[in-house]
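Coordinate inspection notes
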Amino acid sequence: MKVSKKLFWVLSVFIVLVSCQTRVVSPNKPFYDNSIELYKKYTIQTKDAKKQKIEILKIDATKIYGKNQAGDKVEIEKSEIREIRKPNLLTSILLAVFAVGGVIAVIFVPV
């Protein structure tokens, strides 16, 4: 029984961590200039599989300009973007509440 509880905890944490971000741009969702908002933080993955967390400062016809966590300026070609994700706090909170509720139900409800 201990293995199944550990597995449940691991899966719950994994679901909460994965759900913390929403895909804004992906191969199935093309990039539009109104897909992202200025001065918001996003995680951008390029076609060479590099991920960068940046705050978007400016968008022009060919590039996205931003600032990373270290404060350095970043320029990314739009044609090199594979995926853009934004943090989704509300969904993360809801999933965390349901995960905790599920854990409490497993612990306190006799089988």
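Residues numbered from 1 in each chain as written. Predicted model: local features only at pLDDT ≥ 70, side-chain atom pairs only at ≥ 80, totals over all residues. Heavy atoms only, no water.

1. As for the overall build of the protein
Across its full length, the protein holds two helices and six strands. Of the regular secondary structure in the protein, the N- to C-terminal order runs α-β-β-β-β-β-β-α. Looking at the protein as a whole, 24% of its 111 residues qualify as buried. For the protein, the share of sequence-separated contacts (at least 6 apart) that also reach a separation of at least 24 residues comes to 47%. When the accessible area of the protein is evaluated, it comes to approximately 8,200 Å², of which 63% is carbon and sulfur surface. (Helix = DSSP H or I, 4+ residues; strand = E, 2+ residues; numbered from the N terminus. Buried < 20%, exposed > 50% of the residue type's maximum accessible area, 1.4 Å probe, protein only. Contact = heavy atoms within 4.5 Å. Areas by Shrake-Rupley, 256 points an atom, 1.4 Å probe, with all protein chains shown as cover.)

2. A few points about the environment of Lys 63
Counting through the fold element by element, Lys 63 comes out in strand 4 (residues 63–68). On a C-alpha basis, the gap between Lys 63 and Glu 80 in space is 9.4 Å, while along the polypeptide they are 17 residues apart. Look past the residues within four positions of Lys 63 in its chain and what remains in contact with it is Lys 58, Glu 75, Ile 76, Glu 77 and Lys 78. Within polar-contact distance, the side chain of Lys 63 engages the side chain of Glu 75 at 3.0 Å. (Polar contact = N/O pair within 3.5 Å; in protein donor to acceptor, adjacent residues only side chain to side chain.)

3. Comments concerning the side chain of Glu 83
With respect to the helices and strands, the residue Glu 83 is situated in strand 6 (residues 81–87). Under the relative-accessibility criterion, Glu 83 is labelled buried at 11%. Here Arg 85 takes part through its side chain, which lies 2.9 Å from a polar atom of the side chain of Glu 83.

4. Considerations on the nonpolar core
Formed by Val 24, Val 25, Ile 36, Tyr 42, Ile 44, Ile 54, Ile 56, Ile 64, Val 74, Ile 76, Ile 81 and Ile 84, the largest nonpolar core amounts to 12 residues. Those elements that place two or more of their residues in this core are strand 1 (21–25), strand 2 (41–46), strand 3 (51–59), strand 5 (73–77) and strand 6. (Core = buried A, V, L, I, M, F, W, Y, C linked by side-chain atoms within 4.5 Å.)

5. Observations regarding the pattern of salt bridges
Inspection of the entire model under this criterion finds three salt bridges. In this structure, Glu 75 engages Lys 63 in a salt bridge whose closest nitrogen and oxygen atoms are separated by 3.0 Å. Placement of the pair is Glu 75 in strand 5 and Lys 63 in strand 4, with a sequence separation of 12 residues. Note on Glu 75: relative accessible area 51%, which makes it exposed. (Salt bridge = Lys/Arg side-chain N within 4 Å of Asp/Glu carboxyl O.)

6. Looking at the sheet that holds strand 4
What the six strands build is an open sheet, ordered 1-6-2-3-4-5; its pairing is antiparallel. Lying at the two open borders of the sheet, with one neighbouring strand each, are strand 1 and strand 5. On average, each strand axis in the sheet is tilted by 45° relative to the strand beside it, whichever way the strands run. Bridge analysis of strand 4 against strand 5 gives five bridges, and the strand direction is antiparallel. Across the sheet, the residue bridging to Gly 66 is Val 74, located in strand 5. (Pairing = 2+ DSSP bridges. Axes fitted to C-alpha atoms, helices over the stretch in contact; angles between N-to-C directions.)

7. Let's talk about unusual backbone geometry
Phi is positive for Tyr 39, close to 65°, though the residue is something other than glycine. Note that Tyr 39 resides in the loop between strand 1 and strand 2.

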